[in-house]
Amino acid sequence: RIVSVVFDRIIKSLAQGDRVEFRGFGVFSIHKREPRIAQNPRTGAKVKIGSRNIVHFKVGKELHERLNDN
């Protein structure tokens, strides 16, 4: 239940445009993708893709060092 509450809070914060930071673990933030024209690889048809928000995660220094410790 606690994990569910934490995830819900992270999601709400990101939806409001806030950045969520866990010291030593990493940072979640939102990056905006601009609208673009793409191509359907199967049919070759042009497809218009609207702007969207993408969740970005940047690993923290402590986690990075622990994962890459030889």
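Quick note: structure is the one above.
The present account deals with the structure reproduced in this document. Every chain begins its residue count from 1, and numbering advances along the sequence as written. In view of the model being predicted, local features appear only for residues whose pLDDT reaches at least 70, and side-chain atom pairs are presented and counted only at 80 or more, with totals across whole chains, interfaces and linings using the full set of residues. To obtain the side-chain values, all non-hydrogen atoms of the structure were included, while hydrogens and water were left out.

1. A word on the overall build of the protein chain
Turning to step 1, where the next piece is worked out: In DSSP terms, a helix is any run of H or I states spanning at least four residues, a strand is any run of E spanning at least two, and both are numbered starting from the N terminus. Secondary structure summary: the protein chain contains two helices and five strands in total.
Turning to step 2, where the next piece is worked out: Listing the helices and strands of the protein chain from first to last along the sequence gives α-β-β-β-β-β-α.
Turning to step 3, where the next piece is worked out: We compute the radius of gyration from the C-alpha atoms alone; for a globule the expected value is 2.2 Å times N to the 0.38, where N is the number of residues. The C-alpha atoms of the protein chain give a radius of gyration of 17 Å, which is well past the 11 Å a tight globule of 70 residues would have.
Turning to step 4, where the next piece is worked out: Projected onto its principal axes, the C-alpha coordinates of the protein chain cover approximately 45 × 35 × 20 Å.
Turning to step 5, where the next piece is worked out: Of all 70 residues assigned to the protein chain, the portion counted as buried reaches 14%. For every residue, the accessible area obtained with a 1.4 Å probe (protein chains only) is divided by the maximum for its type, and the residue is called buried under 20%, exposed over 50%, and partly exposed between those limits.

2. Brief notes about the pattern of salt bridges
Close approach of charged atoms allows side chains with opposite charge to pair.
Turning to step 1, where the next piece is worked out: Every case where a carboxyl oxygen of Asp or Glu lies within 4 Å of a side-chain nitrogen of Lys or Arg is listed as a salt bridge. Counted according to the given criterion, the structure contains three salt bridges.
Turning to step 2, where the next piece is worked out: Its salt-bridge partner being Arg19, residue Glu21 comes within 3.2 Å of it at the nearest N-O pair.
Turning to step 3, where the next piece is worked out: Among the ionic pairs, Arg66 bridges to Glu62, the shortest N-O distance being 3.6 Å. Of this pair, Arg66 and Glu62 both sit in helix α2 (residues 61-67), four residues apart, which is roughly one turn of the helix.

3. Some thoughts on the packing of aromatic side chains
Turning to step 1, where the next piece is worked out: Here is the rule: rings of Phe, Tyr and Trp (six-membered ring for Trp) pair when centre to centre is within 6.5 Å. Planes less than 30 degrees apart are stacked, more than 60 are edge-to-face, and the remainder are tilted. Following the criterion strictly, the structure yields four aromatic pairs and no others.
Turning to step 2, where the next piece is worked out: With centroids separated by 5.6 Å and ring planes inclined at 55°, the aromatic side chains of Phe25 and Phe57 adopt a geometry described as tilted. Taken together, the residues span a long stretch of sequence, with Phe25 in the loop between β1 (20-22) and β2 (26-33) and Phe57 in strand β5 (residues 52-59) at a distance of 32 residues.
Turning to step 3, where the next piece is worked out: Residues Phe28 and Phe57 carry aromatic rings whose centres are separated by 4.8 Å and whose planes lie at 45° to one another, so their mutual orientation is tilted. In this pair, Phe28 sits in strand β2 while Phe57 sits in strand β5, placing the two residues 29 residues apart along the sequence.
Turning to step 4, where the next piece is worked out: Here a set of aromatic residues connected by ring pairs shows up, and it is made of Phe22, Phe25, Phe28 and Phe57.

4. Description of the side chain of Ser29
Turning to step 1, where the next piece is worked out: Relative to the helices and strands, Ser29 is located in strand β2.
Turning to step 2, where the next piece is worked out: Those residues in contact with Ser29, other than ones at most four positions away along the chain, are Leu14, Arg19, Ile54, Val55 and His56. Contacts are residue-level and defined by heavy atoms, with any inter-residue pair within 4.5 Å sufficient.

5. Observations concerning the sheet that holds β1
In sheet architecture, strand pairing relies on hydrogen bonds along the backbone and comes in two forms, parallel and antiparallel.
Turning to step 1, where the next piece is worked out: Only strands joined by at least two bridges in the DSSP assignment are considered to pair. In space, the three strands of this open sheet follow the order β1-β2-β5, with antiparallel pairing throughout. Here the strands that pair on one side only, and so sit at the sheet edges, are β1 and β5. Here the strands of the sheet are splayed against their neighbours by 25° on average, with no regard to which way each runs.
Turning to step 2, where the next piece is worked out: To define axes, lines are fitted to C-alpha atoms, for helices over the stretch in contact only, and angles between the resulting N-to-C directions are given on a 0 to 180 degree scale. Where helix α1 (residues 2-15) meets the sheet, it contacts β1, β2 and β5, and its direction lies at approximately 135° from that of β1.

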